[in-house]
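Tertiary structure, described
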Amino acid sequence: MRYLLFTIIILISSISNVWAEPVKVLGKSVAGLLTEDPKSMFHAILLEAGKRAGLELQVKVYPGKRALEMFNQHMGDILAPVQLELMHSGPFKVPVIGCEPVSTKNRFVYTHPESSTLSSLKELEGKRVGLVRGYRYGDHIDHNESFTKIMAANVGKLMKMLDSKRVDAIIAFPHSIKKFSKKIKDIHLVYDKKSPVTIDNIAFAFHDNERGNKIRDAFSKAIIEMRNEGILIRMTQPMEANN
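Everything in this summary refers to the structure shown in the same document.

Under the definition given, this model contains 5 aromatic pairs. Their ring planes at 75° and their centres at 5.8 Å tell us that F71 and F92 sit as a pair that is edge-to-face. One end of the pair, F71, is in helix α3 (residues 64–72); the other, F92, is in the loop between β3 (78–83) and β4 (96–98), and 21 residues separate them in sequence. Exposure remark for F92: the relative accessible area of 18% places this residue in the buried category. Here the aromatic rings of Y110 and Y191 are separated by 4.5 Å at their centres, their planes lie at 35°, and the arrangement is tilted.

Attention now moves to helix α7 (residues 210–228). The terminal C-alpha atoms of α7 lie 27 Å apart, and with 19 residues this matches the ideal 27 Å at 1.5 Å per residue to within 8%. For α7, the full list of buried residues reads R211, G212, I215, R216, A218, F219, S220, A222, I223 and M226. Immediately beyond the C-terminal end of α7, within one or two residues, lies G230, with a positive phi of roughly 80°.

This part takes up unusual backbone geometry. Here the amide bond leading from A80 into P81 is cis, since omega sits at -10°, within 30 degrees of zero. Structurally, the position occupied by P81 is in strand β3. At H74, a position not held by glycine, the phi torsion is positive, near 60°. The class for H74 is partly exposed, based on a relative accessible area of 48%. If you check the backbone angles, D186 has positive phi at about 65° while not being a glycine. Positionally, D186 belongs in the loop between α6 (174–181) and β9 (198–207).

With that settled, the discussion passes to the packing of helix α5 (residues 155–163) against α6. Helix packing geometry: the angle between the two helix axes and the distance between the axes. Running from amino to carboxyl end, α5 crosses α6 at an angle of 80°, the nearest separation of the two axes being 9 Å. Taken together, the axes of α5 and α6 lie roughly perpendicular to each other. Contacts between α5 and α6 pair V155, G156 and M159 from the former with S176, I177, F180 and S181 from the latter. Residue composition of the contact of α5 with α6, grouped by class: 4 nonpolar, 3 polar and no charged.

With that out of the way, let us pick up the pairing of β9. For β9, a buried count of 9 out of 10 residues is recorded, marking the element as mostly surrounded by other parts of the structure. The pairing of β3 with β9 spans 4 bridges and is antiparallel. Its bridge partner lying in β9, I78 is registered against F206. Summarising the sheet, β4 and β9 pair through 3 bridges and their orientation is antiparallel. Residue pairing in the sheet places I97 in a bridge with F206 of β9.

Next up on the list: the pairing of strand β8 (residues 169–172). Consecutive side chains of a regular strand alternate in pointing toward one face of the sheet and then the other. By the alternation rule, side chains of β8 split into A169 and I171 and I170 and A172, which are all buried. In this sheet, β8 lies alongside strand β5 (residues 103–110) in antiparallel orientation, the contact comprising 3 bridges. Bridge pairing in β8 links Y110 to I170. Pairing of strand β6 (residues 128–132) with β8, which is carried by 2 bridges, proceeds in the parallel orientation. If you follow G130 over to β8, its bridge partner there is I170.

So, how was this worked out
- Residues numbered from 1 in each chain as written.
- Predicted model: local features only at pLDDT ≥ 70, side-chain atom pairs only at ≥ 80, totals over all residues.
- Heavy atoms only, no water.
- Phe/Tyr/Trp six-rings, centres within 6.5 Å; stacked < 30°, edge-to-face > 60°.
- Helix = DSSP H or I, 4+ residues; strand = E, 2+ residues; numbered from the N terminus.
- Buried < 20%, exposed > 50% of the residue type's maximum accessible area, 1.4 Å probe, protein only.
- Expected span 1.5 Å × (residues − 1).
- Axes fitted to C-alpha atoms, helices over the stretch in contact; angles between N-to-C directions.
- Parallel < 35°, antiparallel > 145°, perpendicular 65-115°, else oblique.
- Contact = heavy atoms within 4.5 Å.
- Nonpolar A, V, L, I, M, F, W, Y, C, P; charged D, E, K, R; others polar.
- Pairing = 2+ DSSP bridges.

Keep in mind these numbers describe shape, not what the thing actually does.
In structure tokens form, the structure reads like this:
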């Protein structure tokens, strides 16, 4: 009986120690979606999930590469956001796990209205395809040698390149096209809404150790609650686009 009581006390003490210090979040800066502003989309989701999990979060936002380097050096508990499909083939130098996705977003092939709508990577063979420099699209795109990759700093520049026919197609998220369409007038693109070329589950990364697993589990539970209550879909509206 004493042994059982001792075991329970140790277990409770272990769990308590995980929450004893603030949970440090390393945010990868995403214009309009993750900034130091607590009202920016991912920042707000992190705070809400942390509150539901009973965690004290310290959120700091850095350029993506810097945030990743700090996470690899164990200078933070959470890296946000990440694409689950790219985590284990990605640039992590430490064991890593992901939580429940907060959003699922698909990329599509966009073409000029005067061109044919393209529905698959096969149809891109021999073409010039615009991609955003520094982004990862998955091995089936990043290492695809059947088409020529033309890099640009952002989706807005790619849209202009497609409009002037300097590229034959671009690959992008609908919400990114919508965002830049508000700034760039009179550029109209077409895509096949039923044929995404990537399916991206957006979530947060945690260290695959005792502390990281406990924090991840608490976050996943909170995210599921938020999804079931309809809160998550409202909070992710900035990433939604009119199809």
